[in-house]
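Examining the three-dimensional arrangement
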2 protein chains.
Amino acid sequence: MRTTPDPLKAFGLQPIKGGITAPRGFLAGTAKAGIKYPNRTDLALLFSETPAIAAGVFTTNLVQAAPVRLCRERLRRSPSAQAILINSGNANACTGPRGQADAERAARTVAQTLHVNPRQVLVCSTGTIGIPLPMDRLLPAIPRAAQTLSPNGGSAAAQAIMTTDTRPKEAAVRFQINGCPITLGGMCKGAGMIDPHMATLLVFFTTDAAIAPRALRSALRQAVDVSFNRISVDGDRSTNDTALILANGMAGNTPIQEDRPGWKPFTQAFCSVACDLARQVVADGEGATRLVTVEVSGARNEQDAALAARAVSRSLLVKTAWYGGDPNWGRILCALGYSGARFNPDHVQIRFDNRLVVRNGRQAPHVSLETLARIFKQPAFRVEIHLGAGKSSYSMLTCDCSVEYVKINGAYMT
Amino acid sequence: MRTTPDPLKAFGLQPIKGGITAPRGFLAGTAKAGIKYPNRTDLALLFSETPAIAAGVFTTNLVQAAPVRLCRERLRRSPSAQAILINSGNANACTGPRGQADAERAARTVAQTLHVNPRQVLVCSTGTIGIPLPMDRLLPAIPRAAQTLSPNGGSAAAQAIMTTDTRPKEAAVRFQINGCPITLGGMCKGAGMIDPHMATLLVFFTTDAAIAPRALRSALRQAVDVSFNRISVDGDRSTNDTALILANGMAGNTPIQEDRPGWKPFTQAFCSVACDLARQVVADGEGATRLVTVEVSGARNEQDAALAARAVSRSLLVKTAWYGGDPNWGRILCALGYSGARFNPDHVQIRFDNRLVVRNGRQAPHVSLETLARIFKQPAFRVEIHLGAGKSSYSMLTCDCSVEYVKINGAYMT
């Protein structure tokens, strides 16, 4: 899709296969636990052959799922982990003390099965809120998942963590730091994309790089900020949003420190993989039929640019117009007007795929609605907005809101 | 619908017929100007036999339609008016200096036709953004509308201002102040209800009460605050949102002043009519199949209660679950969690139509999803949320988000 440049190629990185098991020393396994979906894998186990440095970014929702509390607490005590258990079909959220005990029990079972320190196990859940985990089915599936652990298990794991996703999402790259080859891989799930406050996103990264815990945390924040925080998903807000990275050091490089040699190539690779995954998420947005890049420039500062980009990316009336291929540029101006960004409406310019549509806040001359409708009916296009108020910019990836989205979300629990 | 008590009856007021022409001295007329919709009335003219005290509340969107600027400017100079021209099908927004000139020209034509002072004419537009008004069709329709002016024209006017509304919305009451009978009527249009930032709402009230300009402004703000600001419409935000009231004093009462005798019955009647109209708007929300009352109590203060009620009323995932009759209470808790309201999730209780569903932040015992699904499949129900954090409360009216909504908004402009 010409309008959304490949984030890996943008940094001259070649994608490789293998996802989260592409880096040395990482294995993944899966099992069918029958949690919600009949007859498909719904449990993934990620294992590092040696204890790894770990970092996490979590939802800021007041209502936090039990596994989020467990991960947050464990990483606060010690920034390291050796295994992550992930289930789909049930979020283990709003499940009270029982949910907390279930999460801990699942972690203990993983530790016993893999003979690792129980504190080195993290757990993540995604799916329906408010229903206790079926532990009688989940626990026996853990040893079965462990039996399938394999250095080629990345794709199967990406498959197992899906909920309403229609395809698995994974990426990996290899790059060098001081002549030492480093690999970084990732996978994620997430498809409930339309309302930015509601995405239930889980993201996992692995790398064989050696890196200081503090640098790893900083790199993860940076990668999430340029990727998952710039799609129309408010990564902070669901009850279960979690992004984790394990770095096991098996590449043997000198441990990476912030702003020292190696920091820049590492964060570039990390950001690229994160952006690639984020793009896969939007492209697979529930019911999405169009992938839209919203680029705001000419803002007074970056915050204003972000406010404007987010308002357009989130507006339901804008999204439904995109779905219908309706060239309703007025709704974009309207969303800008309530975004909170400061600008003079009479100075706004809007382009669709390089075509000037709005000049000085009103329809540009010689614009035909038919041409615009043709642009809006493409599977991917770009909306460029110049606020005429300054020099800052911000861009986001978003998608349309379709009839299919409503159907999917009208019958999720039952 | 048992779960949404009639706002008029709540204050012991009897509804009367006639809408905006129910009060003495108000006439309304309509015409077919062919602005967008073929073969239906799309122009309404409201006329008071004597100049009236006027007040307005307008959108706070940075992008303001030409008629909004005109009304705001005229009322700022002098709080009085004798006629209002309203067209549907075209918002005259984002139309630059030409749009401004068109609005003024329309007002001038009304003044000439009705032999009133041009400054005593207000104009309102609603419909598609960004397309200039077809003045060649609009202007000749003004004298035709004037010819139909009638004290029974309220319902026809309510019909003419509709856009995607499926039914006209009007209400009127008669009450007494010091033995003097006073009538207050209203009409409105608005149906794009799902995204609160985007409602394109026009609201008009008329009364024969004598009232001081300052008191009228205050009463209008109060009436809008308890009605249109409490449905899932952010009355402030579209390019065209306008609420106007004309008070022509023909009832002959002692002019009403704030907090003096007569103030309370007047504001009660005004609020009741406004709430009645607001309820009609939600019930006719684009594609809406369910009318939902969201009542938040137990908040630390009213602001927190409002944040919580708004987050639930606006959440697309909550609304799609209602549409599907899916008893997904977890999405409600999730929306509360990101609302910004301060509470402990473990203290939250939620009831659907008096049935306890969530206790201490998790599913209450003996709740069957089948029963809940039955509640969620009703045309109207109540969601009561107790945050367990204080004593403040706030309630809103909202609706579901249906497949039909997306279809309507996917093909509005073309």
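Parameters at a glance
Residues numbered from 1 in each chain as written. Chains lettered and ligands numbered in written order. Predicted model: local features only at pLDDT ≥ 70, side-chain atom pairs only at ≥ 80, totals over all residues. Helix = DSSP H or I, 4+ residues; strand = E, 2+ residues; numbered from the N terminus. Rg over C-alpha atoms; globule rule 2.2 N^0.38 Å. Buried ≥ 20, exposed ≤ 12 C-beta atoms within 10 Å, placed from the backbone. Contact = placed C-beta atoms within 7 Å. Domains from an automatic or database assignment. Pairing = 2+ DSSP bridges. Axes fitted to C-alpha atoms, helices over the stretch in contact; angles between N-to-C directions. Parallel < 35°, antiparallel > 145°, perpendicular 65-115°, else oblique. Left-handed = near helix turned anticlockwise from the far one by under 90°. Nonpolar A, V, L, I, M, F, W, Y, C, P; charged D, E, K, R; others polar. Core = buried A, V, L, I, M, F, W, Y, C linked by C-beta atoms within 7 Å. pLDDT = per-residue confidence, 0-100.

Section: the overall build of chain A
Counting its secondary structure elements, chain A contains 12 helices and 14 strands. By the compact-globule yardstick of 22 Å for 414 residues, chain A fits well, its C-alpha radius of gyration being 22 Å. Dimensions of chain A along its principal axes, counting C-alpha atoms only, are 70 × 55 × 35 Å. Across the 414 residues that make up chain A, the buried fraction comes to 64%. Contacts spanning at least 24 positions in sequence make up 80% of the contacts within chain A whose residues lie at least 6 apart.

What to know about the domain arrangement of chain A
Domains assigned within chain A are domain 1 (7-283) and domain 2 (291-409). Spacing between the C-alpha centres of domain 1 of chain A and domain 2 of chain A amounts to 33 Å.

Let's talk about the sheet that holds strand E11 (residues 355-359) of chain B
All names here are of chain B. The six strands lie next to each other as E12-E11-E10-E13-E9-E14, forming an open sheet whose pairing is mixed. Each edge of the open sheet carries a strand with a single partner, namely strand E12 (362-363) and strand E14 (392-399). Inspection of the sheet shows strand E9 (residues 291-299) paired to E14 by seven bridges, in the antiparallel sense. Residue pairing in the sheet places Thr293 in a bridge with Leu397 of E14. Its contacts with the sheet place helix H11 (residues 369-376) against strand E10 (349-352), E11 and strand E13 (380-386), and it is angled at close to 115° to E11.

Here's the deal with the packing of helix H8 (residues 302-314) of chain B against helix H10 (residues 329-338) of chain B
All names here are of chain B. Running from amino to carboxyl end, H8 crosses H10 at an angle of 135°, the nearest separation of the two axes being 8 Å. In this view, H8 runs oblique relative to H10, as classed from their interaxial angle. The chirality of how H8 crosses H10 is right-handed. Counting all contacts with H8, which are made through Ala308, Ala311 and Val312, the residues of H10 involved are Ile332, Ala335, Leu336 and Tyr338. Along the lines of polarity and charge, the residues of the contact of H8 with H10 split into seven nonpolar, no polar and no charged.

Structural notes on helix H10 (residues 329-338) of chain A
The α-helix winds at 3.6 residues per turn, so residues separated by three or four positions along the chain end up facing the same way. For H10(A), a buried count of 10 out of 10 residues is recorded, marking the element as mostly surrounded by other parts of the structure. Of all the positions in H10(A), only A:Trp329, A:Gly330, A:Arg331, A:Ile332, A:Leu333, A:Cys334, A:Ala335, A:Leu336, A:Gly337 and A:Tyr338 are classed as buried. Buried positions along H10(A) lie against helix H8 (302-314), helix H9 (316-323), strand E10 (349-352), strand E11 (355-359) and strand E13 (380-386) of chain A together with strand E4 (121-128) of chain B. Two residues or fewer after H10(A) comes A:Gly340, characterised by a positive phi angle close to 100°.

A closer look at the nonpolar core
With 287 residues, the main nonpolar core has A:Ala308 and B:Ala308 as its most contacted residues. Beyond its immediate sequence surroundings of up to four residues, A:Ala308 is in contact with A:Val296, A:Ala299, A:Leu336, A:Ser339, A:Ala341, A:Ile385 and A:Leu387.

Overview of the sheet that holds strand E12 (residues 362-363) of chain A
All names here are of chain A. Taken in spatial order, the six strands of this open sheet run E12-E11-E10-E13-E9-E14, and their pairing is mixed. Where the open sheet ends on each side, the last strands, each with one partner, are E12 and strand E14 (392-399). Sheet topology places E10 next to E13; four bridges connect them, and they run antiparallel. Looking across to E13, one finds that Ile350 is bridged to Ile385.

Considerations on the environment of B:Ile129
Note on placement: B:Ile129 falls in the loop between E4 and helix H4 (135-147). Between the C-alpha atom of B:Ile129 and that of B:Thr59, which follows or precedes it by 70 residues, the distance is 15 Å. With near-sequence residues (within four places) excluded, B:Ile129 lies in contact with A:Gly330, A:Arg331, A:Leu333, A:Cys334, B:Ala91, B:Ala93, B:Cys94 and B:Thr239.

Re the pairing of strand E1 (residues 26-31) of chain B
Residues and elements named next belong to chain B. Most of E1 is tucked away: six of the six residues are buried. As paired elements, E1 and strand E2 (residues 43-58) share six bridges and run antiparallel to each other. Across the sheet, Ala28 pairs through a bridge with Leu46, a residue of E2.

A word on the environment of A:Arg174
Residue and element names in this part refer to chain A. Along the chain, Arg174 falls in strand E5 (residues 169-177). With 127 residues separating them in the primary sequence, Arg174 and Asn301 have C-alpha atoms 35 Å apart. Other than its neighbours up to four places away in sequence, Arg174 contacts Ile16, Pro181 and Thr183.

Some thoughts on the environment of A:Tyr338
Within the secondary structure layout, A:Tyr338 lies in helix H10. Distance from A:Tyr338 to A:Lys264, taken between C-alpha atoms, is 38 Å for residues 74 residues apart in sequence.

Some points on the packing of H9(A) against H10(A)
Residue and element names in this part refer to chain A. Where H9 contacts H10, the axes come no closer than 9 Å and their chain directions differ by 160°. Classified by the angle their axes make, H9 and H10 are roughly antiparallel. Crossing of H9 over H10 shows left-handed handedness. Contact residues: Leu317, Val318 and Ala321 in H9; Arg331, Ile332 and Ala335 in H10. Broken down by class, the residue content of the contact of H9 with H10 amounts to five nonpolar, no polar and one charged.

Looking at unusual backbone geometry
Its identity is not glycine, yet A:Asn360 carries a phi of approximately 55°, on the positive side. One can find A:Asn360 in the loop between E11 and E12.

Considerations on the confidence of the model for chain A
Residues and elements named next belong to chain A. With 93% of its residues at a pLDDT of 70 or more, chain A has an overall mean of 89. Scored below 50 in pLDDT, residues 193-198 makes 31 contacts in the model with residues more than four places away or belonging to other chains. Taken together, the chains of this predicted complex give a pTM of 0.82 and an interface ipTM of 0.79.

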